[in-house]
Amino acid sequence: MPSEKSVFQPDGALFRQAHVSSVEQYKEMYEKSIDRPEEFWGEIAKEFYWETPISRDKFFRYNFDITKGPIFTKWMDGATTNVCYNLLDRNVRNGNGEKIAFYWEGSHPDDYSRLTYKKLLEEVCKFANVLKSKGIRKGDRVAVYMPMILEAVVTMLACTRIGAVHSLVVRFSADSFAERILDCEARVLVTVDGTWRGEKLLQLKAICDQSMIKCAQKGHNVETCVVVSHLDRVTPPQGMQYNSNKTPMTPGRDVYWHDAVPQASASCYPEWMEAEDPLFVLYTSGSTGKPKGVLHTTAGYMLYAATTFKYVFDYKPNDVYWCTADVGWITGHTYAVYGPLANGATSVLVSVKFATGGRKSFGCVPKLSEWFRTVYEGTPFYPDNDRFWVVVDKYKVNQFYTAPTAIRSLMKFDDNLVTKHDLSSLRVLGSVGEPINPEAWHWYYKLVGKERCSIVDTFWQTETGGHVLTTLPGAVPMKPGAAGFPFFGVLPVLLDESGKEIKGEGEGYLVFSRPWPGLMRTLFNNHDRYETTYFTKFPGYYCTGDGARRDADGYLWVTGRVDDMLNVSGHLMSTAEVESILAEHPGVAEAAVVAKPHPVKGECLYCFVTTTASASFDGRLVAALKQTVRERIGPFAQPDVVQEAPALPKTRSGKIMRRILRKIAVNDRDVGDVSTLADSSVVEMLFATRPQGA
Ligand code: WTA
């Protein structure tokens, strides 16, 4: 295997026509985007429709320096537009009405459908009219709890059309969902009756009911719940069936999609939105445990999603693009919905896990389906372990975008599962969610990309709205494991602990000194927390919470979170969130959670638990704790290891030293300096009592 230092050039023949085809061209465009942002983004904005034109003098304003006043970012302030109009009507008017917007594939290969731009527009207008008839107006919030189905896209765009703010939640427990509905005070909830996963029936409507009860207990009543009847139309697992009469429906509040939508009018005038009006809220884990409602706004997000999609995937009008991420994740928002549609693209949308009409369960890797959210609303293991490549071949996919955790899970199968399919349509292979380890990179590059395709390792966050660090596929040489360089408009800086800039080679905190159009504007209803979380550690900078290293060639290598966050299969969660759930158990006095590297998930949860005097630490307690975390946060959060810790390594001031716990989790006795510990014998005791097989 080549060393990490190896450099791979883009394939000249494949990228001759690329939007950006040389390093020089990238540099020239990048410099323009930094020196003359009005001109750079102004030219892009011309391709979109503006009801009120953009004013040059109000194009771009911001303050990133908390010592000088409140933090804000405004792009194209004063202009008005509608994102849905730009994604659908504009493409239909440009003659692309009959073009396929989405090919949809269910879990069972027999379940598939497609939607043209024109038809999508009609469906969106109908549902927008239904929302209006339920009293939803500009600024109201709509919560969405759906698998990967076309109605999820229709719901998002229907909200966008009338200026309602959508908030999607994926596979969270009833508690977590309720917390999110309450935080954004959603008036409407959109969901499905349920979905099959393997032979397991997931009754999503029932989960929503529990969430709505919890909300009502706290004084918030969801007024309307729209339910898509999904189970009726997918192939159930053999020998299984679902009686749709069993879906709990509350008269007056709950309404079936099929009762409301077909009769609604297929025309709906778009609501003209201010450039800085909210577009959507998406919750992400916060290091204090309470989720943060990341808010994105209209014009800037639209331009940024469109531009990153076009350049990072080198998208051309006849390409077929596939992003495996769930629409309920930011990757699904920006790169399965907004970015592709803004470019008039044809995408594949695959719903496999959620809508599994499985004739056999997930044979080889049964557990994977449990905790994948990035990919495995589609599982690549059904009906066989080559489902990804079957789909790529079937639709002649040109750009394929997935997560390292998915790649690692597929690497262990026979190469033949990849090589027996014709993957010659592929040009760009994307990776997102965590740093891609070189081994997975090489497998992706060689076996899937046949050493022709470019890999784009895209670093970004829910907060950044779109890619911020990546290489451009036709222009910039790749280094396995390096995210690369800033996208247009992005100014990354590395800082040391004291806030001093690290120029040239070195490692430090990854921060940004200026906003690009797609950066989040605030946390929903909590601007103070926005300022504290992202802008106080280093005044003048947006702080990502990640560390990075710059090498001699200027490439940026993201090294992972510097705060107490875990990244399990690309899913971020905070240690505090898990610890507080563990500590709520009556048998638990204290808990500390750290990340342990995992060959497929990237990281997994390793928990240290101190029991109360009356409780005993046994298999039952461990099982109960694992189950509680699973129920409260979601299946992906289930801890891999729970270790008894009669005491935890703490400083004299009582702060738990997670650095040491991380060493214990991996059984690495090189723990470094323990002199600040109140009682250093704890460390040896914890090493000695590691559970078998952990
Ligand atoms: C991590 C996902 C290294 C990082 C779009 C970030 C990455 C967090 C990469 C955001 C990458 C994402 N290389 N690390 N290519 N992509 N991350 O909000 O720690 O779910 O801060 O957004 O994932 O996760 P989020």
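Residues numbered from 1 in each chain as written. Predicted model: local features only at pLDDT ≥ 70, side-chain atom pairs only at ≥ 80, totals over all residues. Heavy atoms only, no water.

With an unreviewed UniProt entry as reference, the protein is termed acetate--CoA ligase, source organism Phyllotreta striolata. In its Sequence similarities (unreviewed entry) section, the UniProt entry covering the protein states "Belongs to the ATP-dependent AMP-binding enzyme family." (UniProt positions renumbered as here; feature names shortened; annotations may be inferred.)

Trainee: Before we move on, could you go through the pattern of salt bridges and cite the residues and values that matter?
Mentor: This model, assessed by the stated rule, comprises 39 salt bridges. Residue E497 is joined to K537 by a salt bridge in which the shortest nitrogen-to-oxygen separation is 3.3 Å. One end of the pair, E497, is in the loop between β23 (492–495) and β24 (506–512); the other, K537, is in the loop between α16 (527–535) and β26 (542–550), with 40 residues separating them in the sequence. Overall, the relative accessible area of 53% leaves E497 in the exposed class. Among the ionic contacts, a cluster of salt bridges with common partners joins K32, R36, E39 and E43. (Salt bridge = Lys/Arg side-chain N within 4 Å of Asp/Glu carboxyl O. Helix = DSSP H or I, 4+ residues; strand = E, 2+ residues; numbered from the N terminus. Buried < 20%, exposed > 50% of the residue type's maximum accessible area, 1.4 Å probe, protein only.)

Trainee: Could you give an account of the packing of aromatic side chains, with specific residues and numbers?
Mentor: What the rule picks out here adds up to 52 aromatic pairs. On the basis of an interplanar angle of 75 degrees and a centroid distance of 5.8 Å, the ring pair of F313 and Y335 is categorised as edge-to-face. Remark: Y335 occurs in helix α10 (residues 330–342) and F313 occurs in the loop between α9 (298–312) and β16 (320–323); sequence separation between them is 22 residues. Y335 shares its class with F313; the two are buried. (Phe/Tyr/Trp six-rings, centres within 6.5 Å; stacked < 30°, edge-to-face > 60°.)

Trainee: Summarise the site of the ligand; cite the residues concerned and give the values.
Mentor: Taken together, 19 residues sit near the ligand, with D457, T458, T462, D546 and R561 positioned nearest. For the ligand, an oxygen atom lies 3.0 Å from a polar atom in the side chain of Q461. For the ligand, the protein covers 98% of the area, taking 530 Å² as the surface of the free molecule. Only α10 and β27 (556–561) provide two or more residues apiece to the shell around the ligand. In the shell around the ligand, the residues fall into 8 nonpolar, 6 polar and 5 charged. (Near = heavy atom within 4 Å. Polar contact = N/O pair within 3.5 Å; in protein donor to acceptor, adjacent residues only side chain to side chain. Areas by Shrake-Rupley, 256 points an atom, 1.4 Å probe, with all protein chains shown as cover. Nonpolar A, V, L, I, M, F, W, Y, C, P; charged D, E, K, R; others polar.)

Trainee: Which residues make up unusual backbone geometry, and what are the values?
Mentor: Among all residues except glycine, the phi angle is most often negative; among peptide bonds, the trans geometry is most common. Here D314, not a glycine, exhibits a phi torsion of approximately 45 degrees, which is positive. Within the secondary structure layout, D314 lies in the loop between α9 and β16. A positive phi angle, close to 50 degrees, is found at K450, a residue other than glycine. Relative to the helices and strands, K450 resides in the loop between α15 (438–448) and β20 (454–457). For K450, a relative accessible area of 36% translates into the label partly exposed.

Trainee: How would you summarise the sheet that holds strand β19 (residues 428–431) if you had to cite specific residues and measurements?
Mentor: The 7 strands are arranged β5-β4-β17-β16-β18-β19-β20 in an open sheet whose pairing can be described as mixed. Lying at the two open borders of the sheet, with one neighbouring strand each, are β5 (112–116) and β20. Across this sheet, the average inter-strand angle for adjacent strands is 20 degrees, counted without regard to direction. Here 4 bridges tie strand β18 (residues 399–402) to β19, and the two strands are oriented parallel to one another. Within the sheet, the bridge partner assigned to Y401 lies in β19 and is G430. Where helix α5 (residues 150–162) meets the sheet, its contacts fall on β4 (100–105), β5 and β17 (346–350), and the angle it forms with β4 comes to roughly 140 degrees. (Pairing = 2+ DSSP bridges. Axes fitted to C-alpha atoms, helices over the stretch in contact; angles between N-to-C directions. Contact = heavy atoms within 4.5 Å.)

Trainee: Any chance you could break down the packing of α9 against α10 for me, citing the residues and the numbers?
Mentor: Across the interface, α9 lies against α10 with an axial gap of 8 Å and an inter-helix angle of 90 degrees. Considering their axes alone, α9 and α10 lie roughly perpendicular with respect to each other. On α10, the residues touching Y301, A305, A306, T308 and F309 of α9 are H333, T334, Y335, Y338, G339, P340 and A342. Here the contact of α9 with α10 is composed, by residue class, of 8 nonpolar, 4 polar and no charged. (Parallel < 35°, antiparallel > 145°, perpendicular 65-115°, else oblique.)

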